[in-house]
Amino acid sequence: MMLIGLAGYLSGYDGTFPFQKPGDRYEQHNYIGMRGFCAFLGSCLVPFAYLTVLELSKSLPAALLTAFILIFDTGCITLSQYILLDPILMFFLMGAVLSMVKCNSRADRPFSASWWFWLSLTGVSLAGAMGVKFVGLFVVLLVGLNTIYDLWDLLGNLSLSLVTFGKHLLARVLCLIVLPLALYTAVFAVHFAVLNRSGPGDGFFSSAFQSQLIGNNLHNVSIPEHLAYGSVVTMKNLRMAGGYLHSHWHLYPEGVGARQQQVTAYLHKDLNNLWIIKKHDSDTADLSDPSSPVEFVRHGDIIRLEHKETSRNLHSHQHEAPLTRKHFQVTGYGINGTGDSNDFWRIEVVGRKTGKLIKVLRSRVRLTHVATGCILGSSGKTLPKWGWEQVEVTCTPYLKETPNSLWNFEDHINPKLPNISLDVLKPSFAEILLESHMVMIRGNSGLKPKDNEVTSKPWHWPINYQGLRFSGVNETDYRVYLLGNPVIWWLNLITIGLYLLITVCTAVALKRGVQLTSELKELSRVVLHAGGQITLGWLLHYLPFFMMGRVLYFHHYFPAMLFSSMLTGITWDALLRFCAVFLSPSTTARKVHGGGFLALVLLILYSFYLFHPLSYGMIGPMASNPSSPMAGLRWMDSWEF
Amino acid sequence: MLGFLKEPVVVTAEINVNLVALTVLALISRLWGLCYPRAVVFDEVYYGQFVSLYMKRIFFVDDSGPPFGHMLLALGGYLGGFDGNFLWNRIGAEYSMNVPVWSLRLLPALAGAFCVPLAYQILVELHFSHCAALGAALLILLENSLITQSRFMLLESILIFFILLAVLSYLKFYNLQKHSAFCGSWWFWLLLTGVACSCAVGVKYMGLFTYLLLLATAGLHFWHMIGDQNLSNVCSTACKRYYLSLFMVSLLCHFLARALALIIIPMGLYLSFFYVHLALLYRSGPHDQIMTSAFQASLEGGLARITQGQPLEVAYGSQITLRNVLGKPVQCWLHSHTNTYPIRYENGRGSSHQQQVTCYPFKDVNNWWIVKDPGMQQLVVSNPPRPVRHGHIVQLVHGITTRYLNTHDVAAPLSPHSQEVSCYIDYNISMPAQNLWRVEIVNRESDTDVWKTILSEVRFVHVNTSAVLKLSGASLPEWGYRQLEVVGEKLSKGYHQSMVWNVEEHRYGKSQEQKEREVELHSPTQMDISKNLSFMAKFTELQWKILTLKNEDTEHKYSSSALDWVTMDTNIAYWLHPTSGAQIHLLGNVATWASANAAALIYLCLSLWYLLRRRRRIYDIPEDAWQLWVSAGGICAGGWAVNYLPFFLMEKTLFLYHYLPAVTFQILLIPVVLQHLGDHLCRSVLLKSMLSALIVAWFSSVYFVYCTFSPLTYGQPALSPPELRALRWKDTWNILIRKH
C-alpha cells in the first residue's frame, strides 16, 4: 500500500478530494461505494474507447476489437477495481480524447449545438484530467497540438474569411483554455476552502501560506513588526519546503568537521527553533533589562544569534560541511553566549539600503559570516541518523542569490514592542495557487530512487516485464497482482511496429503519387490521420517518463496503454482490409477479414481465461512453485504472482 | 610524337583572397602568444591529467565524454614530446620545463582558427553573398569567447570545428546532388559529413545534437527526392514502367549511400576511437576499481598480477574472495570477522548476536571464503577437482574463523525489511544453523555451466528462506567498523547488481601441507583471462560506465544556468596572474551576442509572419528567396536550438562554455537576416544605403568591444583595478580585483 501512498501523495493535495470522502468513513464500511465509483469510471473506458475508434476509423470491427482488448485486459481490470486515482484520470483522459474526436468530426458544421457541446466537454475533461494528476498535462498537450493543426487547416482554407477564422480561434480559446483553467482554479479554491485547517504538512509551506490556515500559530497572529535586539525569533529558509533554523544538544560526530553542536534545518515547529538576536559586542545583561530602550536591528548590522535552549551562538568556520563538502560547517559554539569572532554575522535584507529596519515575515534576509564571507544557507540534503535526518545547514562561499541562502523571520517575541496584526500579509489566491504547485512539483521530483533500490524502468512497461503487487505476499494470502494480459500487451507491442511499417508504405505510395481507388484512399486516410493521432497520444503519454528522475511505477503506463490498444484496433482492421482488397474476389476477401477478426478475438478471450486470476485474486502457492496452478503461466522470470 | 607539347601546360588556380586573408587573421588571433600564461588555466587541470595518463599509458575512465577529444589533446602532447610528468592539481600552477605548452595548446587553437573560413564557406554554400559570408567570418573572428576557449587545452573549439565541418560538407554534398550525383567529390563530401559527425560526437556528446540535426535534414531531403515526380511522368505507360523501376533502383542507391556514410561509418569510427583508446591504455591505474574484475584483469599490473595463473573453475574446497558486482558506493568484498552483532541496537531492536558479515572495501585476509560441499567434511579440493555448477547447493566457510555463512529470520541491523546475514555461532539455543546456499550463475549460457573465476556473475540464494545475499549499500555504525551492510533480501525483484557477486581471487585449497605438490600436479588448465575479454565486451562495459558514472560535485563557483547564457549574465574566470591584475575570462563579445539574439528574434517573427501570410496565399517574397530563407534558418536557427534547448532538461552542472556551439550557429544567423533585410525589406535606395551605413557602424562597435575586452581574452596587458572596474559592464560579472 506504500506505493499507492507515494503515488497518491500529490493527489492528497490535488483536485481529487471531491471523490475522497473523509478518511474515517472509508476506513470503516463505506468503501464499497468508493470502489464502485472507481470501477464504474474504469468500465466507462471501454465505451469511450469504442466510440473513439468508431468515430476515427468508421469501422465497427476496429472499434469492437479495441473494446475487447480493454474489457479483457487483466491490468485494466485490476487497476479500476480499487480506490486509486488512475481510473479517474483515465476516465477524464478518454473523455477528452473522445470529445475531441467527436468535435473534429463535426468540423463541417461548426458552431452548431453539438459542436459546441463536444468542444466544451473537451475543456471540462481536460480540467478534470489536470486536476487528478499531473500526467493529465500530456493529454492537454495532445488536444493542444490537435487544435493547432485544426486551426492551421482552417487558416489555409481561403473560402473562410479572417473574421470567421477569428471566431474559430476565439471559440477554442474560450472552451479549451479559459474554461478548463477556470474549472481547475475553482477546484483549487474549493480545496483551500475545505482544507483550511492546519495540518502536519504546514512546515512545507511558506510563512505567508501558513497564515491562511486555521489553527496554525501564524493565523490571525499579531506580533511586533520590526526586529529588535533581544527578540526571540524563528528563522525559516525560503526554499520551497525549507525548514526552520534549528539546533539541539547533540554534537557533530567525530570525523565530521569540528566536534561542536549541530545546527540543522527542521521542518516542524519546535522549541529548539528559537534564537535570540544579540549585538555582537555587548553581553546579554543590559538587553534583558526592561527599562533599557528598544534598539532595532538595521540592515547591515553585525549581530550574534544565540540559541535559546542551549545558549550557544550560531557559528561557522573553515571546516567542511558534513554533506556538501565545498561549503563550510555551521555549528553552535560558546557557553552562555560567550563565543569568539566566528559568531558574528552581518544581516542584510534583499534589495534594501543600509540602515533600514528589518520586518518580520516580509523581509527576505541574508546572513553573511563576517570572518569568512560565506552565506548561511540550507543545502536541502538530509543528514544521516546522527543528525536525526534533519536537513543540513551550511555556510556557502558561493555568493549566489538563491532561496537556499535566504531566510525570513517567522515567530517574533519581544515583550517591549507593541504587537500589530499582520493581516497585511494575506497572500492572494494566485500566490497560494502558485506556491502549492511549487511544493507539489518539488514533492514529485523529490521521489528519487535510492541507490540500491530496484525500480521499474519505462522500457519495462510495454513488454509487460514486471507487474506490481497489489496485495498479499505470502502463499496463504489472497493475492492480487497488477499485470497486463501478456497476450494483449505483446499484441499491442507488435502492432506498433506493424503500424510503423504500414504507415511508411502508405506514405511513400502517396508521395509517389500512386493512383488509388476510393476505398484504398479512405483506408490510407484512416491509417495516416486517425492512426497518427492515436500514435501521437501514445508517444506523449509514454516518452516523457524516460526523462523523469523520480520513482516510476508500472501503473504509469496505463494511459499510454489505452492509446496503444486503440491503435491495435485500428491497425489490425486496416491491415485485414488491405489484405482483403488485394485478394479481390469479394467472398474470399470477406472470409479473410472475418476470419482474422475472429481469430484475434478468440485469442484475447482465451488469454483472459488463462490470466483472469491475476486480477480477481488467487490463493495458493506462489507461481514460482511448480505445484501452483499458475506455474505454467509464469512466462517471464520477472513475474511474481 | 611531341604533339602534347603543342598545347601549353596551364595551371589555373583560383584563390579566394578573402578566405586566405581571413584564415591568416584567424591563425594570428588564435596562435598569438599561445604559451602565455605558462600556467595551468581552468579546465586544463582536468584534461591535463588525462593527457598525462595517456603519456603513461595508464587506463582511466572519464565520465564527461568519449575519448576522442582527449586523444587529440594527447596527440599534441605526444608531438611535443611530453613525458606525462606533471602534477595537475591546481589552477594557476606554473608549468615545469618538461611540459610542451605550445604543442599541447596548438591543436585546439588551430581548430578554433579554422572555424573562421568554415563559417565563410557555410554561408557561401547556403547561397548567400560573399559579402554576407565575409561578415559571418569576421564576427566569428572577433568573438572573444571563442578565442579564449580555443587558446587553451580545452575541447570546445575542437567540437565546434567538427560541427561546422560536418555542416559545411553536408551542404557541399547537397549542392552537388542536383547535377552530379555519385561523382567523386559527391562521395567525398558525403563521407566527410559522416566522419566529421562521428568526430564531433567522439569529442563530446554534445556533438550528437548537430548529428541528429543533420540526419533529420538528410531525411527530409531524401523524402523530397521520393516525391520527385519528374521521372515518372516522362512518357507513355510502357516506358513509364521502365523509368519507374530505374528510378526506384537509383533511389535505393541513394538511400544506401546515405545510410552507409551517415550511420554505418560514424558508428564504426566511434567504435574505433574506443579501440584506439583501449589499445593505448593497457596499464592499470586509479580508475580500475569502478570496472568489473574481468576488465581489471585485462589491464597490465593491478589485479592481473594477482589473478594470473589462478584456476578457472571453482571447485568444492576452493578458496575464494567474493566481490560485489555493483561497485557502489565503493567496490567491496564479502567479509567477516570475530566480532558479533550487538545484542541490542541503539534503537532497541535485538539481533542474533552472531558473528558479523559485512562487505569490506579493502583487501584483507578476512575476505577469504572456502566453498564446501554440504555432504562432506573436507575443506580441500579433491582429486580430480569437482567443479561447482549452476544450481548446486554449497556452504561458504569463512577462512579464518571457519564459521559458516548463515542467514535467518532476524531483521538486518540497518535494513529491517531484510534478513540478517551472519556467520553461525552455535549458542545452543533453539536457533538452528541455516547455512545452505544455492549457486545461481546469472550470466550462464546453459543450466549446467560451471562457476568460473572472475567471469561468472553469481547469486547466492538461501535454501531455507529463498533470500538472496545482497549488499544493502548502508554502512554500519561504530560496532561494525563502518563497513558495508550485507543482508538477505527476501523480496528479490528481478535482477540488480547489488545481489550479484563474482569470484576475484581464487586458489585451490591445499591446507594439508603434504598434499601441496600433489594438488599442483593436478592443477587445471590455466588460462589467461585477459585474452578472453573481447573488444566489444570491453567497449560495452566502458561505454556503460561513462554513461552511468555520476560526479557528485554539483556546485561550482562559476556554474550557471542555461537561462543566464543568452544574455551572458555570467562569466568564468579562467586564470589570474599570481601578482599582477592580469587575468583571463571567458566572456563573449557583448555586441555580437546582443545582435545574435536580435537576429534570432527577427528571424522567428519574420518566419511566422511569412508562414501565416503564405497560408492565406499571400506571397511577400519570391519562392526561391523563401527557400533560401528556410534552408539557412533550418541550419543556423536549428543548430542554435538543438545545441541550446536540451540543456534545460539536463541536471548536470552547467557552464557558459556549453553555450558556445549554440552561439556559433546563432552568429551565423546574423548575416543571413541582414542580407534578407537588405534584399527584400529595404525596397528604396535610401533605406538600403541606410542599412549599409548601420552595418558599418555596427561592425565597428563589434570591433571596439573586441579590442576593449581583449586584455581579458589574452590575459595581457595587465590592467589596473580602475580599468578592471570599468570593464565590469554587467553587475553579475565576476571580475577579480585585487584589494591591494
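Cut-offs applied
Residues numbered from 1 in each chain as written. Chains lettered and ligands numbered in written order. Predicted model: local features only at pLDDT ≥ 70, side-chain atom pairs only at ≥ 80, totals over all residues. Heavy atoms only, no water. UniProt positions renumbered as here; feature names shortened; annotations may be inferred. Helix = DSSP H or I, 4+ residues; strand = E, 2+ residues; numbered from the N terminus. Buried < 20%, exposed > 50% of the residue type's maximum accessible area, 1.4 Å probe, protein only. Areas by Shrake-Rupley, 256 points an atom, 1.4 Å probe, with all protein chains shown as cover. Contact = heavy atoms within 4.5 Å. Expected span 1.5 Å × (residues − 1). Pairing = 2+ DSSP bridges. Patch = residues over 30% accessible without salt bridge, like charges linked within 9 Å, V, L, I, M, F, W, Y side chains within 5 Å. Salt bridge = Lys/Arg side-chain N within 4 Å of Asp/Glu carboxyl O. Axes fitted to C-alpha atoms, helices over the stretch in contact; angles between N-to-C directions. Parallel < 35°, antiparallel > 145°, perpendicular 65-115°, else oblique. Nonpolar A, V, L, I, M, F, W, Y, C, P; charged D, E, K, R; others polar. Phe/Tyr/Trp six-rings, centres within 6.5 Å; stacked < 30°, edge-to-face > 60°. Lys NZ or Arg CZ within 6 Å of the ring centre and 35° of its normal. Disulfide = S-S within 2.5 Å. Core = buried A, V, L, I, M, F, W, Y, C linked by side-chain atoms within 4.5 Å.

As recorded in an unreviewed UniProt entry, chain B goes by the name Protein O-mannosyl-transferase 1, listed as coming from Catharus ustulatus. Of chain B, the UniProt comment under Sequence similarities (unreviewed entry) reads exactly: "Belongs to the glycosyltransferase 39 family."

As recorded in an unreviewed UniProt entry, chain A goes by the name Protein O-mannosyl-transferase 2, listed as coming from Catharus ustulatus. The annotation that UniProt attaches to chain A under Sequence similarities (unreviewed entry) is "Belongs to the glycosyltransferase 39 family." In its Subcellular location (unreviewed entry) section, the UniProt record describing chain A reads: "Endoplasmic reticulum membrane".

Attention now moves to the overall build of chain A. A count of helices and strands for chain A gives 17 helices and 16 strands. In chain A, buried positions account for 53% of the 641 residues. If you sum the accessible surface of chain A, you get close to 28200 Å²; carbon and sulfur atoms cover 65% of it.

Below, the discussion takes up the UniProt feature "domain: MIR" (unreviewed entry) in chain A. Cross-referencing UniProt, the feature "domain: MIR" (unreviewed entry) maps to residues 224–280, 294–350 and 355–412 of chain A in the present numbering. Note that residues 294–350 of chain A is 0% helix and 44% strand, and that its end C-alpha atoms are spaced 24 Å apart.

So, on to the side chain of H556(A). Residue and element names in this part refer to chain A. With respect to the element layout, H556 can be found in the loop between α14 (518–542) and α15 (558–582). On the basis of relative accessibility, which here comes to 7%, the residue H556 falls in the buried class. If near-sequence neighbours (up to four positions away) are discounted, H556 is found in contact with W461, F545, R550 and V551.

Below, the discussion takes up helix α8 (residues 184–203) of chain B. The end-to-end C-alpha separation of α8(B) is 28 Å, in line with the 28 Å expected for 20 residues at 1.5 Å each. Of all 20 residues in α8(B), 14 are buried, a share of seventy percent or more.

Here the focus is the UniProt feature "transmembrane region" (unreviewed entry) in chain A. Residue and element names in this part refer to chain A. The UniProt record marks residues 32–53, 60–82, 116–149, 169–195, 487–510, 530–553, 560–583 and 595–612 with the feature "transmembrane region" (unreviewed entry), using the residue numbering of this structure. In residues 116–149, the share of helix is 91% and the share of strand is 0%. The end C-alpha atoms are 19 Å apart. For residues 560–583, helix accounts for 96% and strand for 0%, while the C-alpha atoms at its two ends are 34 Å apart.

According to UniProt, the "domain: MIR" (unreviewed entry) feature falls on residues 311–374, 385–442 and 446–506 of chain B. Secondary structure across residues 311–374 of chain B divides into 0% helix and 41% strand, with the first and last C-alpha atoms of the span separated by 22 Å.

Turning our eyes to something else, we now look at the pairing of strand β4 (residues 368–372) of chain B. Residue and element names in this part refer to chain B. Among the 5 residues that make up β4, 5 are buried, leaving the element largely enclosed by the rest of the structure. Taking every second residue as pointing to the same face, both faces of β4 are buried, with W368, I370 and K372 on one and W369 and V371 on the other. Bridge count between strand β1 (residues 318–324) and β4: 3 bridges; the pairing is antiparallel. Counted as the bridge partner of T321 is W368 from β4.

Before going further, it helps to examine the environment of Q666(B). Residues and elements named next belong to chain B. Relative to the helices and strands, Q666 resides in helix α18 (residues 660–681). Taking C-alpha positions, Q666 is 6.2 Å from C636, a pair spaced 30 residues apart along the chain. Ignoring anything within four residues of it in the chain, the contact list for Q666 reads A596, N597, A600, W640 and Y659.

Let us look at a nonpolar patch on the surface. Together, I15(B), V17(B), V20(B), V24(B), L25(B), I28(B) and W32(B) make up a nonpolar patch on the protein surface, roughly 680 Å² of accessible area in all. Take V20(B): it is sitting in helix α1 (residues 17–31).

This brings us to the packing of α1(B) against helix α5 (residues 130–141) of chain B. Residues and elements named next belong to chain B. The geometry of α1 relative to α5 is characterised by a closest axis approach of 10 Å and an angle of 5 degrees between their N-to-C directions. As summarised for this structure, α1 and α5 are arranged roughly parallel, according to the angle between their axes. On the side of α1, the interface is formed by N18, L22, L25, A26, S29 and R30, while α5 contributes L134, A137, L138, I140 and L141. When grouped by side-chain class, the residues that make up the contact of α1 with α5 number 8 nonpolar, 2 polar and 1 charged.

A few words on the packing of aromatic side chains. Residues and elements named next belong to chain A. Taken as a whole and judged by the stated rule, the model has 69 aromatic pairs over all chains. Each ring, one from W489 and one from Y557, has its centre 5.4 Å from the other, and the planes form 45 degrees; the classification is tilted. With W489 in helix α13 (residues 486–511) and Y557 in the loop between α14 and α15, this residue pair connects regions lying 68 residues apart in the sequence. W489 gets classed as buried once you look at its relative accessible area, which sits at 2%. A ring pair is formed by Y542 and F546, whose centres lie 5.3 Å apart and whose planes are at 70 degrees; its orientation type is edge-to-face. In this structure Y542 comes out as buried when scored by relative accessible area, which is 6%. Of the aromatic side chains, those joined through ring pairs into one cluster are F138, W461, W489, W538, Y542, F545, F546, F554, Y557 and F558. The lysine or arginine in question, K279, covers the ring of Y229, its NZ or CZ lying 5.3 Å from the ring centre.

A few words on the state of the cysteines. On inspection of all chains with the given rule, the structure shows 2 disulfides over all chains. In this structure C175(A) is a free cysteine whose sulfur lies 8.3 Å from that of C103(A), the closest cysteine sulfur available. No disulfide involves C682(B); its sulfur sits 14 Å from that of C131(B), the nearest cysteine. According to the relative accessible area criterion, C682(B) is buried, its value standing at 10%.

Moving on: the pairing of strand β8 (residues 328–333) of chain A. Residue and element names in this part refer to chain A. The buried count for β8 comes to 5 of 6 residues, which makes it a mostly enclosed element. With 2 bridges joining them, strand β4 (residues 261–266) and β8 adopt antiparallel strand pairing. Looking at the pairing, Q262 lines up with T331 of β8. Both strand β7 (residues 313–320) and β8 contribute to a ladder of 6 bridges, which runs antiparallel. Note that in β8 the partner of H315 across the bridge is T331.

Our focus in this paragraph is the nonpolar core. Formed by 166 residues in total, the largest nonpolar core has its most connected members in F59(B), I122(B), L123(B), L126(B), F162(B), I572(B) and Y574(B). With 15 residues, helix α7 (residues 156–177) of chain B is the single largest residue contributor to this core. Beyond its immediate stretch of four places on either side in the chain, F59(B) contacts L278(B), L281(B), R283(B), G285(B), P286(B), H287(B), D288(B), M291(B), F295(B), L299(B) and L542(B). Core analysis: the next-biggest nonpolar cluster, separate from the first, contains 87 residues, A49(A), L491(A), V526(A) and M561(A) among them.

It is possible for side chains bearing opposite charge to pair when their charged atoms get close. What the rule picks out here adds up to 21 salt bridges over all chains. The salt bridge involving K278(A) is made with E306(A); its shortest N-O contact spans 2.9 Å. Here K278(A) is found in strand β5 (residues 275–279), whereas its partner E306(A) is found in strand β6 (residues 302–307), with 28 residues between them in sequence. Accessibility expressed as a relative area gives 6% for K278(A), which makes it buried. One salt bridge connects R613(B) with D620(B), and the closest N-O pair in it is separated by 2.9 Å. One network of salt bridges, with partners in common, ties together E55(A), K58(A) and K102(A).

It is worth spelling out the environment of L176(A) at this point. All names here are of chain A. By the secondary structure assignment, L176 is in helix α9 (residues 162–194). Under the relative-accessibility criterion, L176 is labelled buried at 15%. Sequence spacing of L176 and H307 is 131 residues, and the spatial spacing of their C-alpha atoms is 54 Å. Dropping the residues within four chain positions of it, L176 is found in contact with L119, T122, G123, L126, V143 and T147.

All names here are of chain B. With omega at -5 degrees, the peptide bond leading from Y36 into P37 counts as cis. Relative to the assigned elements, P37 resides in the loop between α1 and α2 (44–56). Q716 connects to P717 through a cis peptide bond whose omega is 0 degrees. Phi is positive for S466, close to 50 degrees, though the residue is something other than glycine. Inspection of the secondary structure assignment puts S466 in the loop between β9 (458–462) and β10 (468–475). Accessibility expressed as a relative area gives 43% for S466, which makes it partly exposed.

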